[in-house]
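Tertiary structure, described
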Amino acid sequence: DSSSAAAKSEVQGENKPADEDDKDDKAAQSLLNKLIRNNLVSNTNQVEVLQKDPNSPLYSVKSFEELRLKPQLLQGVYGMGFNRPSKIQETALPMMLAEPPQNLIAQSQSGTGKTAAFVLAMLSHVDPNNRFPQCLCVSPTYELALQTGKVIEQMGKHYNEVKLVYAIRGNKLPRGTMLQEQIVIGTPGTMLDWCGKFKFIDPKKIKVFVLDEADVMIATQGHQDQSIRIQRMLPKNCQMLLFSATFEETVWNFAQRIVPEPNIIKLKREEETLDTIKQYYVLCNCREEKFHALCNIYGAITIAQAMVFCHTRKTAGWLAGELSREGHQVALLSGEMQVEQRAAVIDRFREGKEKVLVTTNVCARGIDVEQVSVVINFDLPVDKDGNPDNETYLHRIGRTGRFGKRGLAINMVDSKMSMNILNRIQEHFSKKIEKLNTDDLDEIE
Ligand code: ADP
């Protein structure tokens, strides 16, 4: 029966390296980021701007007042607690609000204010007296669309005339419906049907087209084509806006098909460094020994909060169990949890309700918990071919210049193979990883 089949696949999933099954889960990762983020990511890099017309002056604003927003919108912005535009908003907002409308491709890591920026642009461009769709926004999943919808509602709180509708699979409308809402947000397939097959939307009346999370979008078969088909129905003078957290070649190719004559804004993510990190390794023979070493470390030094990384869900689950049996307050973050559950676990950890967070790779990717002073690699990060995953290593323990507090990283080695991995990581970063004797831990305090 289906329940035992599900149980079986669950068991199989446990032993898989965590990044395998989560690979197609970019959308979940992105949603998780949104759920746990309640402020801007700091970034000290400069934005790079490539203007469609290099001779036109480049405006950037330091305040929301300079944008001459409708009073209701300015009230909405301040109501959300925003005091000044974020770095990407400083340049993106004047471009998006210019007359005539400018097309834009913008890339910056999650948490830098892209969503808030295009929501403000959409709300500024709609004419509330016109009772038909004027802005379309496509997102890769229903959940992500919903998150953007929430931002529209918050920012438009004092602008009641503007209405919003979700073009998502579950939302079935009677034939012949002509939508009256000014903003339509949804997934590409349903949006395409509503514009084409069902004609709930007249695409010729659209003034702003937003494509959010382009990198997540292209990871799903079909979304790319559907988005391009929607785009082709829109009038020539429709403003096209595309946003992405990352920018590989594939994203770039797609972006250029969606956005003609674009202005381009990029904000590089802050570099991470190992300079302020003390790195150690502990030599063990098996997983039980690693566990005992971990307990010794815990007994010997005062650790405010630690994150412990494991390769598989199964190890993570086992370790969390053993640690709580020893009386530690442990939180477990695991791939089979719903995104909302994961966000709740991370929130509790951030508030300090638990002192240890045991997790697999993927679950913790892109999450920065600033107060974590100790990172323990219970398993070293390797890619699917068993080679050292240097990028993940850096990301787990590295700090950005901004939060360059001293940190401690402890790597557990339990075989010749993992010793080899450790050596290669050490070589890669040209930074010594010291051997730690867990029977004599004075040196690390
Ligand atoms: P992105 O779309 O790049 O992931 P968001 O627009 O979701 O970024 O912004 C990330 C977080 O920062 C959100 O909690 C948002 O409310 C907040 N935020 C956005 N712009 C500003 C701003 N100008 N000032 C303060 N907080 C902001």
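These notes cover the structure that comes with them. Owing to the predicted nature of the structure, the values given are computational and were not obtained by experimental measurement.

**A few points about the overall build of the protein**
The number of helices and strands found in the protein is 17 helices and 17 strands. Burial status across the protein gives 52% buried among its 445 residues. Put simply, of all contacts in the protein between residues at least 6 apart along the chain, 78% involve residues at least 24 apart. Taken as a whole, the protein presents about 21300 Å² of accessible surface, with 48% of it coming from carbon and sulfur.

**Focus: the environment of valine 216**
Counting through the fold element by element, valine 216 comes out in helix H9 (residues 214-217). Exposure remark for valine 216: the relative accessible area of 7% places this residue in the buried category. Sequence separation of valine 216 and alanine 28 is 188 residues, and the distance between their C-alpha atoms is 9.6 Å. Among residues more than four places away in sequence, those in contact with valine 216 are Lys26, Ala27, Ser30 and Pro140.

**A look at the nonpolar core**
Where a protein is soluble and globular, its nonpolar side chains tend to be buried together. Ranked by internal contacts, the top residues of the largest apolar core, which has 43 residues, are Met96, Leu104, Met122 and Ile183. A per-element tally of this core places helix H6 (residues 114-125) first, with 8 residues. The contacts of methionine 96, once residues within four sequence positions are left out, are Leu104, Ala117, Phe118, Ala121, His125, Gln239, Leu241 and Phe243. Core analysis: the second largest hydrophobic core is formed by 36 residues, Leu144, Ile346, Val375 and Phe429 among them.

**Some thoughts on the pairing of strand E5 (residues 183-186)**
Residues of E5 alternate between two faces, with Ile183 and Ile185 on one and Val184 and Gly186 on the opposite face, all of them buried. Here strand E4 (residues 164-167) pairs with E5 via 4 bridges, running parallel. Residue pairing in the sheet places valine 165 in a bridge with valine 184 of E5.

**Notes on the site of the ligand**
In the vicinity of the ligand lie 18 residues, with Arg84, Gln89, Gly111, Lys114 and Thr115 positioned nearest. At 2.9 Å, a side-chain N or O of lysine 114 approaches an oxygen atom of the ligand. The side chain of threonine 115 places a nitrogen or oxygen atom 2.5 Å from an oxygen atom of the ligand. When the ligand is considered free in solution it has 560 Å² of accessible area, and contact with the protein chains removes 83% of it. The biggest single contributor to the shell around the ligand is H6, with 3 residues. A class-by-class count of the residues in the shell around the ligand yields 5 nonpolar, 10 polar and 3 charged.

**Some words on the packing of helix H16 (residues 390-397) against helix H17 (residues 416-429)**
Relative orientation of the contacting elements H16 and H17 amounts to 75°, with a least axis distance of 10 Å. When the axis of H16 is compared with that of H17, the two are roughly perpendicular. Taken together, the residues of H17 that come into contact with H16 (itself represented by Asn390, Tyr393 and Leu394) are Ile425, His428 and Phe429. Residue composition of the contact of H16 with H17, grouped by class: 4 nonpolar, 2 polar and no charged.

**So, the pattern of salt bridges**
For the structure shown, the criterion picks out 12 salt bridges. Its salt-bridge partner being aspartate 275, residue lysine 431 comes within 4.0 Å of it at the nearest N-O pair. Of the two residues, lysine 431 is situated in the loop between H17 and strand E17 (434-435) and aspartate 275 in the loop between strand E9 (272-273) and strand E10 (277-283); the sequence distance between them amounts to 156 residues. Assessed through its relative accessible area of 58%, aspartate 275 is described here as exposed. Across the salt bridge formed by aspartate 414 and lysine 290, the nearest N and O atoms sit 3.1 Å from each other.

**Topic: H16**
Burial within H16 is extensive, with 6 of its 8 residues counted as buried. Along H16, the positions that sit buried rather than exposed are Asn390, Thr392, Tyr393, Leu394, Arg396 and Ile397.

**Points about the packing of helix H5 (residues 87-97) against H6**
Put simply, H5 and H6 touch, their axes get as near as 10 Å, and they point 20° apart. Judged on the interaxial angle alone, H6 and H5 are roughly parallel. The two elements H5 and H6 meet at a crossing, and its hand is right-handed. Where H5 approaches H6, its residues Ile88, Gln89, Leu93, Met96 and Leu97 are matched on the opposing element by Lys114, Ala116, Ala117, Phe118, Leu120, Ala121, Ser124 and His125. In the contact of H5 with H6, the residues fall into 9 nonpolar, 3 polar and 1 charged.

So, how was this worked out
Residues numbered from 1 in each chain as written. Predicted model: local features only at pLDDT ≥ 70, side-chain atom pairs only at ≥ 80, totals over all residues. Heavy atoms only, no water. Helix = DSSP H or I, 4+ residues; strand = E, 2+ residues; numbered from the N terminus. Buried < 20%, exposed > 50% of the residue type's maximum accessible area, 1.4 Å probe, protein only. Contact = heavy atoms within 4.5 Å. Areas by Shrake-Rupley, 256 points an atom, 1.4 Å probe, with all protein chains shown as cover. Core = buried A, V, L, I, M, F, W, Y, C linked by side-chain atoms within 4.5 Å. Pairing = 2+ DSSP bridges. Near = heavy atom within 4 Å. Polar contact = N/O pair within 3.5 Å; in protein donor to acceptor, adjacent residues only side chain to side chain. Nonpolar A, V, L, I, M, F, W, Y, C, P; charged D, E, K, R; others polar. Axes fitted to C-alpha atoms, helices over the stretch in contact; angles between N-to-C directions. Parallel < 35°, antiparallel > 145°, perpendicular 65-115°, else oblique. Salt bridge = Lys/Arg side-chain N within 4 Å of Asp/Glu carboxyl O. Left-handed = near helix turned anticlockwise from the far one by under 90°.

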